[in-house]
Amino acid sequence: MRFGILGPLEVTGAAAPTDGGREPSYAPQAAKLRVVLGTLLIRANEVVSVESLIDELWPDAPPRTATTTLQVYVSHLRKTLQSADPAGGREALVTRRPGYLLRVGADAVDALAFEDLSRRGHQALQASDFAAAADLQRRALALWRGPLLSDTPHGPVLEGAAVRLAEARTTALDERIRAELHLGLHRELVAELQELVAEHRMHEEFHTHLMVALYRCGRQAEALRVFTALRQTLVEELGIEPGPASTRLQRRILEGDPALTRAGGRAAGPGAGTTAGTTAATAGTPAGTGRAPGHDGPPAAVAGTGAGTAGWSAAPGALPAADPCFTGRAEELNRLERMVRGAPAGGCVAVTGMPGAGKTALAVEAAHRVADAFPDGRLYLDLRDGSGHGLPPGAQSVLERLLPASAGPGAAPADGAPQAPRVLLVLDGVGSETQVRPLLPALRGAVVLLVARRVPAGLPGLRSVLLGPWRPDEAQRLVGLFTGRAGTRPGALGGTAALDAGPGLGPDTVAEIAELCGRLPLAVRTAAAQLAARPHWTAAVLADRLRDEGGRLDVLRTGDVDVRARLLDAYGACPEPQRRAFRLLSLLPPGRFGARQAAAALDLTEARASAALESLADERLVAVDRDGCHLPELLRLLAVERLALEDPPEVVRAAAERVCRAYAAAAAAEPGRVSDSGARGLVRLARTAYGAGLWALAVRLTDALAGWVPDDGEAVYALGLDAARRCADRSAQARMRRSLGELAWQYRRVEQAHELFSGALELAREAGDEEEAARAQVGLAELCLDAGESAAAAALLEPALAALSAPGRARGRYEASRARALLALAHEGPESARAWFGECLELAGALRDQRLEVYALRSLRALSLPPEGGSGPASRAVEIRPGLWRIHPAGVPT
């Protein structure tokens, strides 16, 4: 069974060809079915969430029956796949939380085959194997039959994929032409390039290719007219001049540079720093293949910084241009600059950190700032295409030409006396110290600035800067990334499309988006690019899409930048034991945790769990500081995804049970003392326990909230009530009904509150739970107080206070005393109320509950103040619970 999405949707199976020689097509006719199948194929072998599929099917307003309708579509698709492949087609589409997964082979989808061929072609070009590069890219481009899924409506996922693959197609075309120019096929390319520049009027690389082809054909005037037309288009439509590479090429054509006429040869030319006299660009970075500014990896245009370049694109080893959108990192940048300036000859400085933290951008920015300290030049080499244990293809030849520069005037003389370093070498994508150590003896006159995810251990004298997410105060200043005015350089707009900072695009909204992105530079800049690419989106729409944890990583994908893919690179580089530990840690609530909690998730002793955490911290998959450990937000979401994909359900359930038991036990050890962040974690775990059918644990975790009310409090306590019913625990049912009654009362749903409190009282009495029955009576008494029925309230509070005087019932006694104080305030006077609030203060101290203690003190202080105006509204305002006030109707005593 094969699928074609590079054009109209095609599905072919094992059936014999028709009489006309064509294979029968099983592509669904209905547009909605094509949308679902196309989306699953774009994310082949990944779980696509139900929410993402619904957004794709109904981008504007999904119907109320969207989930059910989607299930029907999936059922139809399974029948279609079974028709195409009776042996295993139906089993290819599986249900996997939180959505569906389509399993296909690497050669079964034309898009996957295209990306593989294009990747191999890029590697061949980097290795200067131009014949192989041209052949591979030609085969990759032949797979396209038209625009992506041209017969299928596009929602957010397919639209993003269409942009990404169209850019990849343009890149493959660019690299094929680049390779064929090196092979001397300039005459054959002229007509095709003329058509391409007419179609892509602002694509500078196609224009420079055409200029080179025409020049090599002896058509110098026509080559210069191509530049003139390009400049006119850019000035009129964008108000900018052509880039440095195009401008330098025009100057070389004007000068009649003979090096441009040599196809595939070495073209001498003025270089940047020590790159003078190096080869033509045999490994230049084509448009669309570079990483966006601020991401790990080199920017797209690796342009030289000197007076010219070698060849007609960037010289190998040239330092990337400074990122005009570089934002924040002032503290880290200053520290790195001091380290580099102070490093001795042969010294090493490293920038390390989690994927997507902007390590390369920081290193390049620092390299530009220290230009005055390295008069012989600053060089750049990306080792990312290597295996992590050696140099990538093509790097050795570059180093052979660049290394002699470090042995120049700044190198150590024969007597060994140290001299000041004069060359800075930036090594990006360092996988291990084995890539670097063999180079150090030859770099005696250089300082090496390494960019690596983890610290390369074993390098002598290494100093490092560790990068994490942006700090919260930096996140407040990121509006420029969304308006196109980021960075500190005057007039620099950078690579992000400029937006008008309209309503909703203020610091608070941007800060929320940054928090949802884990303040990870790569993710925030991708979010900004999403907003720029979709003018119909507002910042609020983007924030709303990012709030959905199940689809957040789907949103953070645009063009050739995919946050999930970058995080997966780091995950895939770890051995399986570390990957398994990383996945299991996603069962812990978001936020900080220690070795004890990790031990529960990993089913290890605390000592072994600590060792596992240190190992994950070395790989930058776990963040560690003095306050504990935590999974960075987007890595946590990745771990959740991988856990659902890679681990059997029974393993996940067992680990979830261990985690829930550990947190429930910790909460029981300190009852009533739960922080806001701790309570949110308990809510999440209660939902996990409920989803796993661990009813008793769901009840224990909900009980541990100790009255803390989450934003969706009614839903949380309703789950707790259902769990209590399922495990036939009447006391627990009473507690949950009482909690729901308190919420209904706060929302002024008095009849519902009365029904819930009464039901709680009945259940508690059936269970013989005297304490819970008394607390339900306190709830009913507060309803009576609210209605002005003081006698009924007093009748309910008297037995409740008596029952709650028993040892171990301090929290219930506190609530009863509080209600009694309010009754006294209404009918007995301030002195009686003061006595009851004084008892509340004592009980709050015994409970060690600061919130309740502050409330009691505030109430006592209010009793000491004279009434304001006697009859105004302020004099009738009473704080009946912490932060909850009652304005009494006229005629009710205060």
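From a predicted model like this one, the values you see are computed outputs, not experimental measurements.

Here is what the cut-offs are and how they apply
- Residues numbered from 1 in each chain as written.
- Predicted model: local features only at pLDDT ≥ 70, side-chain atom pairs only at ≥ 80, totals over all residues.
- Heavy atoms only, no water.
- Helix = DSSP H or I, 4+ residues; strand = E, 2+ residues; numbered from the N terminus.
- Buried < 20%, exposed > 50% of the residue type's maximum accessible area, 1.4 Å probe, protein only.
- Contact = heavy atoms within 4.5 Å.
- Pairing = 2+ DSSP bridges.
- Axes fitted to C-alpha atoms, helices over the stretch in contact; angles between N-to-C directions.
- Left-handed = near helix turned anticlockwise from the far one by under 90°.
- Nonpolar A, V, L, I, M, F, W, Y, C, P; charged D, E, K, R; others polar.
- Phe/Tyr/Trp six-rings, centres within 6.5 Å; stacked < 30°, edge-to-face > 60°.
- Salt bridge = Lys/Arg side-chain N within 4 Å of Asp/Glu carboxyl O.
- pLDDT = per-residue confidence, 0-100.
- Expected span 1.5 Å × (residues − 1).
- Arc of directions from axis to C-beta.
- Parallel < 35°, antiparallel > 145°, perpendicular 65-115°, else oblique.

Q: Looking at this structure, I do not really get the overall build of the chain. What am I missing?
A: When helices and strands are tallied, the chain shows 37 helices and 16 strands. A burial count over the chain gives 52% of its 894 residues as buried. The long-range fraction of contacts in the chain, counting pairs at least 24 apart against all pairs at least 6 apart in sequence, stands at 67%.

Q: Can you help me understand the sheet that holds strand E7 (residues 378–382) in this one?
A: Pairing between sheet strands relies on hydrogen bonds along the backbone, with the strands arranged either parallel or antiparallel. The parallel open sheet is built from 5 strands, whose spatial order is E7-E8-E9-E6-E10. Single-partner strands in this sheet number two, and they are E7 and strand E10 (463–467). In this sheet, adjacent strand axes meet at a mean angle of 15° when their direction is disregarded. Examined bridge by bridge, strand E6 (residues 348–353) and strand E9 (residues 446–452) share 4 bridges and lie parallel to one another. If you follow valine 349 over to E9, its bridge partner there is leucine 449. Packing of helix H12 (residues 330–342) onto the sheet brings it into contact with E6, strand E8 (423–430), E9 and E10, and relative to E10 it is tilted by some 165°.

Q: Please clarify how the packing of helix H6 (residues 130–141) against helix H7 (residues 156–182) should be interpreted in this entry.
A: Each packed pair of helices is defined by two parameters, the angle between the axes and the distance between the axes. At a closest axis distance of 8 Å, the pairing of H6 and H7 adopts a crossing angle of 145°. For H6 against H7, the interelement crossing comes out left-handed. Counted together, Phe130, Ala133, Ala134, Gln137, Arg138 and Leu141 of H6 and Arg169, Ala172, Leu173, Glu175, Arg176, Ala179, Glu180 and His182 of H7 form the full contact between these two elements. Tallied by class, the residues present in the contact of H6 with H7 amount to 7 nonpolar, 2 polar and 5 charged.

Q: How should I be thinking about the packing of aromatic side chains in this particular structure?
A: This structure, assessed with the given rule, holds 5 aromatic pairs. Ring centres 6.4 Å apart and planes at 25° place the aromatic pair tryptophan 58 and tyrosine 73 in the stacked group. A residue pair is termed long-range when its members are at least 10 positions apart, and tryptophan 58 in the loop between helix H2 (50–57) and helix H3 (66–84) and tyrosine 73 in helix H3 qualify at 15 residues. Each member of the pair tryptophan 58 and tyrosine 73 is classed as buried.

Q: Looking at this structure, I do not really get the pattern of salt bridges. What am I missing?
A: Side chains carrying opposite charge are able to pair once their charged atoms draw close together. Per the stated rule, a full pass over the model turns up 59 salt bridges. Glutamate 115 is paired through a salt bridge with arginine 164; the nearest N and O atoms lie 2.7 Å apart. You can see glutamate 115 sitting in helix H5 (residues 110–126) and its partner arginine 164 sitting in helix H7, a full 49 residues away along the chain. Residue glutamate 115 is classed as partly exposed on the basis of its relative accessible area of 29%. Using a relative accessible area of 14% as the deciding quantity, one classes arginine 164 as buried. Where glutamate 549 meets arginine 636, a salt bridge forms, and the shortest distance between an N and an O atom there is 3.0 Å. Of the two residues, glutamate 549 sits in the loop between helix H20 (539–547) and helix H21 (552–555) while arginine 636 sits in helix H26 (residues 633–646), which places them 87 residues apart along the sequence. Given the relative accessible area of 29%, glutamate 549 is considered partly exposed.

Q: It is not clear to me how the confidence of the model for the chain should be interpreted in this structure. Could you clarify?
A: Keep in mind that low pLDDT regions are not for reading the predicted coordinates in detail. Looking at the chain, pLDDT values average 81 and 81% of them are 70 or higher. Within the chain, no element has a lower average pLDDT than helix H14 (residues 395–406), which sits at 56, and none a higher one than helix H23 (residues 576–585), at 95. Low confidence marks residues 405–418, where pLDDT is under 50. Its contacts with residues over four positions away, or in another chain, come to 21 contacts. Counting contacts from residues 889–894, a segment whose pLDDT is below 50, to residues more than four positions away or on other chains yields 5 contacts.

Q: Mind showing me how you'd approach the sheet that holds strand E4 (residues 93–96) here?
A: On the basis of which strands lie adjacent, the open sheet formed by 3 strands has the order E3-E5-E4 and antiparallel pairing. Taken across any chain shown, the strands that pair with only one partner, and hence form the sheet edges, are strand E3 (47–49) and E4. Across this sheet, the average inter-strand angle for adjacent strands is 30°, counted without regard to direction. Where E4 meets strand E5 (residues 99–102), 4 bridges bridge the pair, whose relative direction is antiparallel. Each bridged residue has a counterpart across the sheet, and for leucine 93 the counterpart in E5 is leucine 102. Taken strand by strand, H3 contacts E4 and E5, and its axis lies near 150° from that of E4.

Q: Sorry if this is basic, but what is going on with H3 here?
A: Because an α-helix packs 3.6 residues into every turn, residues spaced three or four apart end up facing the same way. Relative to the 27 Å expected for 19 residues at 1.5 Å per residue, H3 spans 27 Å between its end C-alpha atoms, a close match to the ideal helical length. Buried within H3 are the following residues: Ala66, Leu70, Tyr73, Val74, Leu77, Arg78, Thr80, Leu81 and Ala84. Down the axis of H3, the smallest arc covering the buried residues is 165°, so these residues share one side.

Q: How do you make sense of the environment of arginine 700 when you look at a structure like this?
A: Of note, arginine 700 is situated in helix H29 (residues 695–703). Separated by 37 residues in the primary sequence, arginine 700 and tyrosine 663 place their C-alpha atoms 9.7 Å from one another. If sequence neighbours within four positions are ignored, arginine 700 has contacts with Arg661, Ala664 and Ala665.

Q: What is the right way to read helix H32 (residues 750–767) from this model?
A: The first and last C-alpha atoms of H32 sit 26 Å apart over 18 residues, in line with the 26 Å expected at 1.5 Å per residue. Of the residues making up H32, those classed as buried are Ala753, Leu756, Phe757, Gly759, Ala760, Leu761, Leu763 and Ala764. Among the structural elements, helix H31 (730–746) and helix H33 (770–786) are those in contact with the buried residues of H32.

Q: Looking at this structure, I do not really get unusual backbone geometry. What am I missing?
A: Keep in mind that most residues, glycine aside, have a negative phi and that most peptide bonds are trans. Residue proline 98 follows arginine 97 across a cis peptide bond; omega there is 5°. With respect to the helices and strands, the residue proline 98 is situated in the loop between E4 and E5. Even without glycine at this site, aspartate 603 takes up a positive phi of about 60°. One non-glycine residue with positive phi stands out, namely arginine 620, at about 65°. Within the secondary structure, arginine 620 is located in the loop between helix H25 (606–618) and strand E13 (623–625). Given a relative accessible area of 15%, arginine 620 falls into the buried group.

Q: Looking at this structure, I do not really get the environment of glycine 160. What am I missing?
A: Among the secondary structure elements, glycine 160 is positioned in helix H7. Judged by relative accessible area, which is 16%, glycine 160 ranks as buried. In this structure the C-alpha to C-alpha distance between glycine 160 and valine 555, which are 395 residues apart in sequence, comes to 9.0 Å.

Q: Just to check I follow, could you spell out the packing of helix H1 (residues 31–42) against H2 for this structure?
A: The interhelical angle for the contact between H1 and H2, taken along N-to-C directions, is 135°, at an axis separation of 10 Å. Judged by the inter-axis angle, H1 sits oblique to H2. Handedness of the crossing formed by H1 with H2: right-handed. Residues Lys32, Val35, Val36 and Thr39 of H1 lie in contact with H2, whose contacting residues are Leu53, Glu56 and Leu57. A class-by-class count of the residues in the contact of H1 with H2 yields 4 nonpolar, 1 polar and 2 charged.

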